[in-house]
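# Descriptive analysis of the structure
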Amino acid sequence: MSDTRISVTDTLDAPVERVFALLADPDRHPDLDGSGTVHSSHTHLAITEVGDVFVIEMDHPDRGRYRVENHVVVYEPDRALAWKPAAVGKPPSGHVWGWELEPDGDDRTVVTHYHDWAEVTDPELLARIREVTPDEMRMTIGNLAEALA
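Attention here is on the structure that accompanies the text. (Residues numbered from 1 in each chain as written. Predicted model: local features only at pLDDT ≥ 70, side-chain atom pairs only at ≥ 80, totals over all residues. Heavy atoms only, no water.)

## Quick look at the nonpolar core
The nonpolar side chains of soluble globular proteins are, as a tendency, buried together. Keep this limit in mind: Buried Ala, Val, Leu, Ile, Met, Phe, Trp, Tyr and Cys residues form a nonpolar core when they are joined through side-chain atoms within 4.5 Å. Think of it in three bands: residues with accessible area under 20% of the maximum for their type are buried, residues over 50% are exposed, and the middle band is partly exposed, with areas taken using a 1.4 Å probe on protein chains only. Helix and strand definitions follow DSSP, with helices as H or I runs of at least four residues and strands as E runs of at least two, each counted in order from the N terminus.
Of all hydrophobic cores here, the largest spans 33 residues; its most connected members are Val19, Leu23, Leu81, Val111 and Leu144. Among the elements of the structure, strand E1 (5-12), helix H1 (16-23), strand E3 (53-60), strand E4 (64-76), strand E5 (80-87), strand E6 (96-103) and helix H4 (134-148) are those that each provide at least two residues to this core. Ranked by residues supplied to this core, first place goes to H1 with five residues.

As C-alpha cells, this is what we get:
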C-alpha cells in the first residue's frame, strides 16, 4: 500500500483462464463488487483489448445513480486487466481499477485487486478517492471466489 494505491491479494481455487474470463465480463461486475455501488452493466460484451470502453451504472448512497465509462488501459489475457473510469463523454479522471493474476499451479490463481490514483489531480475526487476500502476490495475477491466455485 502507498499514499496513492490500495491493493489486496488472495489465492483462489480456480485456473487463471476462468478467473480472467469472469473479470473480463462487465455483466458480472455487479455480482463481484464488494462495495455495493456497482449496480448494472450497460455494455453486455466481454472486454477484448486495450481501448475498449464498458459502461457501468453505479448506485452511491451520497450521489445517487449515475453511469461511468470505463476505459480499458491494460489487457493481458490471463495476466492483467485494468480500466480508468470517466464520467460519460468525459476523459478519464486519472484513477485506475485493476486486476493482476498469477497462476499457482494448474488450478489456483493468485489474484491482486488494486486501486491506484497517482494521476488524480481533481481535489473533489481526491477528497473521496478512498471511499472503497481494502475490506470491500477483499470482499470483491471473496465474491469472485464464490462466483468461480
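Moving on from the coordinates now.
## Some details on unusual backbone geometry
Here the phi dihedral of histidine 44 falls at roughly 65°; this positive angle occurs in a residue that is not glycine. For histidine 44, the location among the structural elements is in the loop between strand E2 (38-41) and E3. For histidine 44, a relative accessible area of 52% translates into the label exposed. For aspartate 78, which is not a glycine, the phi torsion comes out positive at approximately 65°. In this structure, aspartate 78 sits in the loop between E4 and E5. The exposure class assigned to aspartate 78 is partly exposed, which follows from its relative accessible area of 26%.

## A closer look at the side chain of threonine 112
To be explicit about the condition: Side-chain atoms alone can form a polar contact between residues adjacent in sequence; in general such a contact is a pair of N or O atoms within 3.5 Å, and within protein one must be able to donate a hydrogen while the other accepts it. A contact between two residues is defined here by any heavy atoms of the two lying within 4.5 Å.
Structurally, threonine 112 can be placed in strand E7 (residues 109-116). A distance of 2.8 Å separates the side chain of threonine 112 from the side chain of threonine 9, its partner in a polar contact. For threonine 112, the residues in contact, after removing those within four places along its chain, are Ser7, Val8, Thr9, Gly98, Trp99 and Glu100.

## Thoughts on H4
Inclusion rule: A helix is expected to reach a length of 1.5 Å times the quantity of its residues less one. Arc definition: directions from the helix axis to the C-beta atoms.
A rise of 1.5 Å per residue sets the reference length of H4, with its 15 residues, at 21 Å; its end C-alpha atoms lie 21 Å apart and thus fit the reference within 8%. Among the residues of H4, those classed as buried are Met137, Thr140, Ile141, Asn143, Leu144 and Leu148. Taken down its axis, H4 places every buried residue within 155° of arc, on the same side. Residues of H4 that are exposed and point over 90 degrees away from its buried face: Asp135 and Glu146.

## Here's the deal with the packing of aromatic side chains
Put simply, the rule is: Under the pairing criterion, centres of Phe, Tyr and Trp rings, with the six-membered ring standing for Trp, must be within 6.5 Å; the plane angle then separates stacked pairs below 30 degrees from edge-to-face pairs above 60, leaving the rest tilted.
Considering all chains together, one arrives at two aromatic pairs under this definition. Consider the rings of phenylalanine 20 and tyrosine 75, whose centres lie 5.4 Å apart with planes at 70°: the pair is edge-to-face. With phenylalanine 20 in helix H1 and tyrosine 75 in strand E4, this pair connects stretches of sequence that are 55 residues apart. A relative accessible area of 5% means that phenylalanine 20 is categorised as buried. Residue tyrosine 75 is classed as partly exposed on the basis of its relative accessible area of 23%. Note on phenylalanine 54 and tryptophan 83: the rings are 5.2 Å apart at their centroids and 80° apart in plane angle, and the pair reads as edge-to-face.

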